[in-house]
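Letter by letter, the chains look like this.
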Amino acid sequence: MENSDHPLLNWIPNKLVETDGNIYFEWIYLGDKRYVDPFFDETLMKCKVHYNNSTRYKVVSSVENLIDWSTELVSVELKSLLFHVSRCGSTMMCQSLAVSPQNIVVSEAPIIDQIIRSDLFDLDKKRILIKSVIALLGQKRFVEEKNLIVKLDSWHTFQIDELRAIFPELPFALLYRNPSEVLKSHAKLKGMHMVPNLLPATVFGISDEEIQTISFQQYGAVVLEKYFQSYLDFYGTDKNVVMYNYEEGMKSILERFLSFIDADYFVEEVDQMCERLTRHSKKGDVTFKGDSFTDDVLVIDLTKGSSLYEKLNSSIAKSLVANIT
């Protein structure tokens, strides 16, 4: 295999560190671990017990080392960036895709978020680093691997134009869902982006003045409104993007996505990916019987979010009509 003799095989950057004015990257050894966990940091945790990662010393590199080394390893083809508004089937999608040995699926890698939100680099350097890190995460480690799909954190939708500048020809996929259902899911267990001040409000385009007027309960609805508006703005201008509404059904979404990224799979692989959709996204040994919060009541104003949601649905409908005609 192409990378079999390279000393960096199975090593990836996993953390950006600044100390005493110096910037460097820590690396972690993957061994034979594939990216099959629901979230990337779960895979990293499993790798920490490997001998190469459990010594007193950390393996580190400079920024320039990382950029240079990313060109030395053969990477599989990056097929798509996957954006989502959270609780809209993106984890299930990734778990299904990860079933195929042809796919490398990176699901919310912390190192990507660190670089995107860092203020340590100018724009040009940040662009190079994002591309370099994704290439290293997608290094070809097993013979069957051909396709790389990267699922970003939900708030990375606000960097979608910048990511398009980095990957001008790459298919982008946007997943979303009825705002009521998204927020009912978060009411049971909130993601960090739905809790005020766990992430800076400015990440979502919420001003310091605005956040003072938003209640704790309403904050998640405002974040979701910002997500939906970002989707509308991008979908209306970009020619290489597709949106999927969770209500369409995950099997349909998966099949359309496989066609969208133009990747070839054996029939058996597609069947296995579809079979994975019948099980819980985060608990693969549990049959998925649907969401348990459909009858829950939200004390939240969803007027604006629902309006934007309907606009997203209309945008998809108009796009489908345009493609047919």
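Criteria and thresholds
- Residues numbered from 1 in each chain as written.
- Predicted model: local features only at pLDDT ≥ 70, side-chain atom pairs only at ≥ 80, totals over all residues.
- Heavy atoms only, no water.
- 1 Å grid on protein atoms, 1.4 Å probe; cavity = no way out; pocket = protein on both sides within 12 Å on 5 of 7 lines; lining within 4 Å.
- Points joined across faces, edges and corners; volume = space filled by probe spheres on them.
- Helix = DSSP H or I, 4+ residues; strand = E, 2+ residues; numbered from the N terminus.
- Nonpolar A, V, L, I, M, F, W, Y, C, P; charged D, E, K, R; others polar.
- Axes fitted to C-alpha atoms, helices over the stretch in contact; angles between N-to-C directions.
- Parallel < 35°, antiparallel > 145°, perpendicular 65-115°, else oblique.
- Contact = heavy atoms within 4.5 Å.

Participant: Give me the layout of surface pockets: which residues, what numbers.
Facilitator: The calculated volume of the largest pocket comes to roughly 1100 Å³. What lines the largest pocket is a set of 41 residues, and nearest its centre among them are Arg87, Thr91, Ser185, Ser281 and Lys282. Among the elements of the structure, α3 (90–97), α4 (110–117) and α7 (179–188) are those that each provide at least two residues to the lining of the largest pocket. In terms of residue class, the lining of the largest pocket is made up of 12 nonpolar, 16 polar and 13 charged.

Participant: Which residues make up empty space enclosed by the protein, and what are the values?
Facilitator: The full count for this structure, using the stated rule, is 1 cavity of 30 Å³ or more. In terms of lining, the largest cavity is formed by Tyr35, Val36, Asp37, Cys94, Gln95, Ala98, Val105 and Ser107. Within the residue set of the lining of the largest cavity, elements represented by two or more residues are α3 and β5 (103–107). Here the residues of the lining of the largest cavity sort into 5 nonpolar, 2 polar and 1 charged.

Participant: Summarise the packing of α4 against helix α5 (residues 123–137); cite the residues concerned and give the values.
Facilitator: In the contact formed by α4 and α5, the axes pass within 10 Å of each other and the chain directions differ by 175°. On the basis of their axis angle, the class for α4 and α5 is roughly antiparallel. For the pair α4 and α5, contact is made by Ile111, Ile112, Ile115, Ile116 and Arg117 and by Lys126, Leu129, Ile130, Val133, Ile134 and Leu137, respectively. For the contact of α4 with α5, the residue count by class is 9 nonpolar, no polar and 2 charged.

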